[in-house]
Amino acid sequence: MRVPILTYHSNNVGGNDYADNDHVALAADLRRLHAEGVRIVPLARVVDAFLGEGGEESVENAIALACDDGSWFDWHDLDHPTCGPQRSFANILRDFSAETGAPAQITSFVIVSPAARAELDRTCLVGRGWWGDDWYAAADREGVVAIESHSWDHNHATLARTAQHAQARGTFRTIDTYADADAEIRSANDWLDANVRTPRAGLFAYPYGETNDYLVRDYLPNRIGEHRLRAAFGTDPEPVTRRSSRWNLPRYVCGHHWRSADELARLVASRG
Ligand SMILES: [Zn+2]
């Protein structure tokens, strides 16, 4: 088993070129991978195979897609104030499937707290109400965009307050006590269960790709009955293999680990 997980950020719109726009990059990458004969499988299927709950052949010669933070750019076509109209990730996948007949799904790791998203909409976007959760349940039902957890409030640097007990924000490494992990991880899953769907695949992506020994070796493996997760993803640039850590599965990040469709094709082909 050797499956690259590719991560995009729909909020990354700094221009309209591959290098500064993850919508442009995603659309180009899908077609390039399809031309190379690579299949796109749901991220949950990769976790099923990894956990021995699904056959490895179901993820052979495949990649899975993820995106982080869960803003409207995942779902709604939006008119960006300086870069103009942006096709949503959902529509980019639908366009690709209509064009090629190939299935495509992305797992969106969303920042769960509605209050945190409302604040981030002002501090990180342009304050137009583009970080609402009105689309989560519909997206998850349709299946093009599966909804999973990116923590309660991302312990985000630009929030006035987060769940972290000492307000050590801007990193996830400081989520290293039971109370903080319970607030950031278990409570986020409670909200998603109540407002999106239950059961979900039980996936989690660490904010900033950052983790620590407490989460990986203690809280996540020992409190499954509480947080109900099945696997957690970081951002180590490797494919998922049998040797990967269940609580820190690797993901490649667009713009960091590859910067063109050619580079991505080489990276995916090198999976051996
Ligand atoms: Zn994030």
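Rules used throughout
- Residues numbered from 1 in each chain as written.
- Predicted model: local features only at pLDDT ≥ 70, side-chain atom pairs only at ≥ 80, totals over all residues.
- Heavy atoms only, no water.
- Helix = DSSP H or I, 4+ residues; strand = E, 2+ residues; numbered from the N terminus.
- Rg over C-alpha atoms; globule rule 2.2 N^0.38 Å.
- Buried < 20%, exposed > 50% of the residue type's maximum accessible area, 1.4 Å probe, protein only.
- Areas by Shrake-Rupley, 256 points an atom, 1.4 Å probe, with all protein chains shown as cover.
- Axes fitted to C-alpha atoms, helices over the stretch in contact; angles between N-to-C directions.
- Parallel < 35°, antiparallel > 145°, perpendicular 65-115°, else oblique.
- Contact = heavy atoms within 4.5 Å.
- Nonpolar A, V, L, I, M, F, W, Y, C, P; charged D, E, K, R; others polar.
- Expected span 1.5 Å × (residues − 1).
- Bend = angle between axes of the 7 residues up to and from the residue.
- Pairing = 2+ DSSP bridges.
- Phe/Tyr/Trp six-rings, centres within 6.5 Å; stacked < 30°, edge-to-face > 60°.
- Lys NZ or Arg CZ within 6 Å of the ring centre and 35° of its normal.
- Salt bridge = Lys/Arg side-chain N within 4 Å of Asp/Glu carboxyl O.

Draft legend 1. Just the overall build of the protein, in detail. A count of helices and strands for the protein gives nine helices and 12 strands. Here the C-alpha radius of gyration of the protein, 17 Å, is about what a compact globule of 272 residues would show, namely 19 Å. Considered along the principal axes of its C-alpha atoms, the protein spans approximately 50 × 45 × 30 Å. Among the 272 residues that make up the protein, the fraction classed as buried is 55%. Accessible surface computed for the protein: about 10,900 Å², of which carbon and sulfur atoms make up 48%.

Draft legend 2. Region of the structure containing the packing of helix α6 (residues 178–195) against helix α7 (residues 213–222). Packing of α6 against α7 brings their axes to within 11 Å, and their N-to-C directions diverge by 75°. Regarding the angle of α6 to α7, the classification is roughly perpendicular. Counted together, Y178, A181, D182, I185 and R186 of α6 and Y214, L215, Y219 and L220 of α7 form the full contact between these two elements. By residue class, the composition of the contact of α6 with α7 is seven nonpolar, no polar and two charged.

Draft legend 3. Up close: α6. The terminal C-alpha atoms of α6, which comprises 18 residues, lie 24 Å apart, in line with the 26 Å expected from a rise of 1.5 Å per residue. At R186, α6 shows its largest kink, close to 25°. Where α6 is concerned, the buried positions are D180, A181, D182, E184, I185, S187, A188, N189, W191 and L192.

Draft legend 4. Here's a closer look at the pairing of strand β4 (residues 62–69). Most of β4 is tucked away: eight of the eight residues are buried. Summarising the sheet, strand β2 (residues 5–8) and β4 pair through four bridges and their orientation is parallel. Following the sheet pairing, T7 is matched in β4 by A66. Summarising the sheet, strand β3 (residues 39–40) and β4 pair through two bridges and their orientation is parallel.

Draft legend 5. Here's a closer look at the pairing of strand β8 (residues 145–149). Most of β8 is tucked away, with five of its five residues classed as buried. Here β8 shows a buried face lined by V145, I147 and S149 and a second buried face lined by A146 and E148. Of the pairings in the sheet, the one linking strand β7 (residues 106–110) to β8 comprises five bridges and is parallel in character. Paired with V110 across the bridge in β8 is S149.

Draft legend 6. Spatial organisation of the packing of aromatic side chains. Scanning all chains against the criterion turns up 11 aromatic pairs. By the ring-pair criterion, three or more aromatic residues cluster together here, those being Y8, F89 and W258. Directly above the aromatic system of W191 lies the positively charged group of R117, at a separation of 5.8 Å from the ring centroid.

Draft legend 7. Representation of the pattern of salt bridges. As enumerated under the stated definition, the model contains 21 salt bridges in all. A salt bridge links D262 to R32, with the shortest nitrogen-to-oxygen separation between them at 2.3 Å. Placement of D262 in helix α9 (residues 261–269) and of R32 in helix α1 (residues 22–35) is noted, with a sequence separation of 230 residues between them. With its nearest N and O atoms 2.4 Å apart, the salt bridge here joins R186 to D190. In this pair, R186 and D190 are both assigned in helix α6, four residues apart and thus about one turn of the helix distant. The exposure class of R186 is partly exposed, given its relative accessible area of 24%. Salt bridges linked by common partners bring E148, D182, R186, D190, D193, R200 and R228 together as one network.

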